[in-house]
Structure formats: C-alpha cells, structure tokens
Amino acid sequence: MTAAPSIAAAVVMLSCIVTAAVALNVTTLPFDDGFCHLFGDDNLVRSPDGRSARLILNRYSGSGFISNDLYDHGFFSASIKLPSDYTAGVVVAFYTSNGDIFEKTHDELDFEFLGNTRGREWRIQTNVYGNGSTSRGREERYLLPFDPTVEAHRYSILWTSDFIIFYIDDTPIREVVRSDAMGGDYPSKPMSVYATIWDGSTWATGNGKYKVNYKYAPFVSDFSDLVLRGCRVDPIQQPDSARRCAEANEEFLTADFAVMTPKKRAAMRRFRERYMTYSFCYDTNRYPVTFPDCDVIPSEQSRFFEWGETKYPRERRRSRRQIRKPPRAGDPKREADV
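Fair warning: this is a prediction, and the values are worked out from it, not measured in the lab. (Residues numbered from 1 in each chain as written. Predicted model: local features only at pLDDT ≥ 70, side-chain atom pairs only at ≥ 80, totals over all residues. Heavy atoms only, no water.)

*Asks:* With reference to specific residues and values, describe the overall build of the protein chain.
*Replies:* Looking only at helices and strands, the protein chain has five helices and 15 strands in total. Considering the protein chain as a whole, with its 338 residues, one finds that 55% of them fall into the buried category. Sequence-distant contacts, at least 24 apart, represent 71% of the contacts inside the protein chain between residues at least 6 apart. Surface accessibility of the protein chain: about 15000 Å² in total, with carbon and sulfur atoms responsible for 51%. (Helix = DSSP H or I, 4+ residues; strand = E, 2+ residues; numbered from the N terminus. Buried < 20%, exposed > 50% of the residue type's maximum accessible area, 1.4 Å probe, protein only. Contact = heavy atoms within 4.5 Å. Areas by Shrake-Rupley, 256 points an atom, 1.4 Å probe, with all protein chains shown as cover.)

As structure tokens, this is what we get:
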C-alpha cells in the first residue's frame, strides 16, 4: 500500500503538474467551448468560471460529458481528481470512442480508473480497441506513484495515424505503434472524447466481489485543464475530412507531445518497471498465443509471473459505448458487454 504523501512530496507533485502543462505545450479551453452534457442530469456540475466540471455518481445515476465534435486523430487531455475513501466498484473514465456511430466496428482508447476498498490504491488501466476488436483487448494496468484523490493530475491520450501515447502528467507510460501485425485493430476512424463516472460493481473491484456501497456516496471526480487538439471532422463527409486533415496531421506529428525523446523513453521505461501490474502481452490464461504486435520484454514477463496477476481470471470489463441514455444505478444491462 502506498503511504500518504508528505508535504514535501506534495510540493514536488504540484511542481510536476505545472511542469507537465508547460512541457507539453497545450492550450486548455472552457468546458462549453469543447464539451456538452452526456448523461446524469444534475450529476454534472460546471464550475462558476466555466473551465472545469464535476462528475458525480450517486444511487440514482452516474454522469458524463462528451466532446462537441469528432476528431481525426488528436491530443486529448484533462486534469482529474478521483473520489476518495471507499470507492469499490466505482469507475471513472476518460476516453475516445465512436461506438455511437460504428456499433459493430467501433474504435476506442481509454484511461479507466478502477476504484478500490478503503486503504487500497486506485488502479488505472489503458485500453486500445480498433474496428470492434473488443474480444482482443490490449489492456494494461498500473499503480500510481501518488495518491490521485489528493489533487488533480493530468492524463493525456495522443492518437496519430502512426502511433498512440498515453501520458500521466508529462511522463509517457505506454506507446502503441501501428504495424502490419495489428492490422485493422489499430483505431482509425474519427472519435469523440468522453468523460464518465459510473457503477462498475459487476467487475471493477475483485472481479465483482466488492461492489459500490452507496453509504459513501456521492462519489465525486473533478475534471479541469481540458484540452482538445486535433482535426475536427464530419462523420458523413469522411473522404473530404481526411484530405483536409492530412496536412494538419503532418504538422501535428512535430508537436512536443508527439516526439519521443530519449529522456521520455527512459521515463516511460522506469514507470513501467515500477508500476505496471498487468499487460495483455503476458496474460497466458486469456491469450495462450501472444499477440504478434507484442514486444515481449523478459524482465517484464518474469515480474508478472512473480506478482501473479495473470494467474487469476481477468476482471470482465463493460463498455461505456451506449451511455447516451442515462443509466440506472445498479442496472447490469445499462451498457453493452464487451
């Protein structure tokens, strides 16, 4: 269990957040300039200055918001502060998807924050789905070097035509490079950006053993420093949009957040060595045959067998693809199974 950070450590963390915003060279935008209400009625609360939003889960409903536009690749980011205390079964997500348009062949890139019992760390997982490849999920799971309930940290998804990078603050934690081996599993269609909080009691904590306890509600997650940087597209006029976005995409690839310097690669390697607790590449229970696009690192592989996470059944994930309609708390059929 990670100990609560000291005052000195908290100062260092805050410094890292400020540095991240500068290092990544991103411009934030007011909530209403880029997003709109998705579901949850009054459980989405905008800040008085209009630059952030609070998502609430109570016994009646979760909540969420969605970007006003779809994007043909981009950099999407938010500073997120997670609920504290007992959060078993609570799922907070920041992700991209086009499931409302392509129900059978949807693409998706996720940060999923999986709550836990009191005194245990929040776990975070990243997911990559392309062309409806939900049966071939490419999940990875991590612990964190800080308490994500004490203050906000920045979580970012960079999606280009050639590679995907997940960032926590200014540290890249995962890179997915497009390859022939991935084939159509690489996300390639325009996507919207989402943020949600919802009841994942059936799977999120201990494979459903620990469920949401509404005695501790409301569960509150704050989203600020919102970033939407990419080429906006019309899903009906995709060929025209693709031509228009090609030049923008080339310029986009030269941005600082798209360049993996040796320093960034070293930071990513350190993070993964210390904090990654699960990777689909080493889950021989779920995938007896390793994915052809996996870069198997023996030191990583040995740690997973030592820690034993791959020895247990995978926690079944439920998609958030169909949450335009407000879900009912505790309703296991409110969203599509993956």
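Further notes follow.
*Asks:* An account of the sheet that holds strand β11 (residues 163–168) is requested, with residue identities and associated values reported.
*Replies:* Strand pairing in a sheet relies on backbone hydrogen bonds, with the paired strands running either antiparallel or parallel. Here seven strands make up an open sheet; going across it, the order is β2-β3-β14-β5-β10-β11-β12 and the pairing antiparallel. Two strands bound the open sheet, and with one partner strand each, they are β2 (44–46) and β12 (171–177). Here the strands of the sheet are splayed against their neighbours by 20° on average, with no regard to which way each runs. Of the pairings in the sheet, the one linking strand β5 (residues 70–81) to strand β14 (residues 219–233) comprises nine bridges and is antiparallel in character. By the bridge assignment for β14, Gly74 is matched with Gly230. Packing of helix α4 (residues 262–275) onto the sheet brings it into contact with β11 and β12, and relative to β12 it is tilted by some 95°. (Pairing = 2+ DSSP bridges. Axes fitted to C-alpha atoms, helices over the stretch in contact; angles between N-to-C directions.)

*Asks:* An account of the pairing of β14 is requested, with residue identities and associated values reported.
*Replies:* Pairing of strand β3 (residues 53–57) with β14, which is carried by five bridges, proceeds in the antiparallel orientation. Bridge pairing links Arg54 to Asp222 in β14.

*Asks:* Which residues make up the state of the cysteines, and what are the values?
*Replies:* Considering all chains together, one arrives at two disulfides under this definition. A sulfur-sulfur separation of 1.9 Å characterises the disulfide bridge that pairs Cys231 with Cys245. In this structure the cystine formed by Cys231 and Cys245 twists about its S-S bond by roughly -75°; its chirality is therefore left-handed. You can see Cys231 sitting in strand β14 and its partner Cys245 sitting in helix α3 (residues 238–252), a full 14 residues away along the chain. In terms of burial, Cys231 and Cys245 fall into one category: buried. For Cys281, the disulfide goes to Cys294, at an S-S distance of 2.1 Å. Here the disulfide of Cys281 and Cys294 is left-handed, its torsion about the S-S bond being about -90°. You can see Cys281 sitting in the loop between β15 (276–279) and α5 (298–307) and its partner Cys294 sitting in the loop between β15 and α5, a full 13 residues away along the chain. Taking the relative accessible area as the measure of exposure, Cys281 reaches 11% and is therefore buried. In this structure Cys294 comes out as buried when scored by relative accessible area, which is 14%. (Disulfide = S-S within 2.5 Å.)

*Asks:* Give a description of the pairing of β3 that names residues and reports values.
*Replies:* Taking burial as the measure, the five residues of β3 include four buried ones, the bulk of the element. With three bridges joining them, β2 and β3 adopt antiparallel strand pairing. Of the residues in β3, the one forming a bridge with Arg46 is Ala53. Between β2 and β3, which follow one another and run antiparallel, lie six residues, and Gly50 among them has a positive phi close to 75°.

Take it as geometry only, folks, not as evidence of what the structure does.
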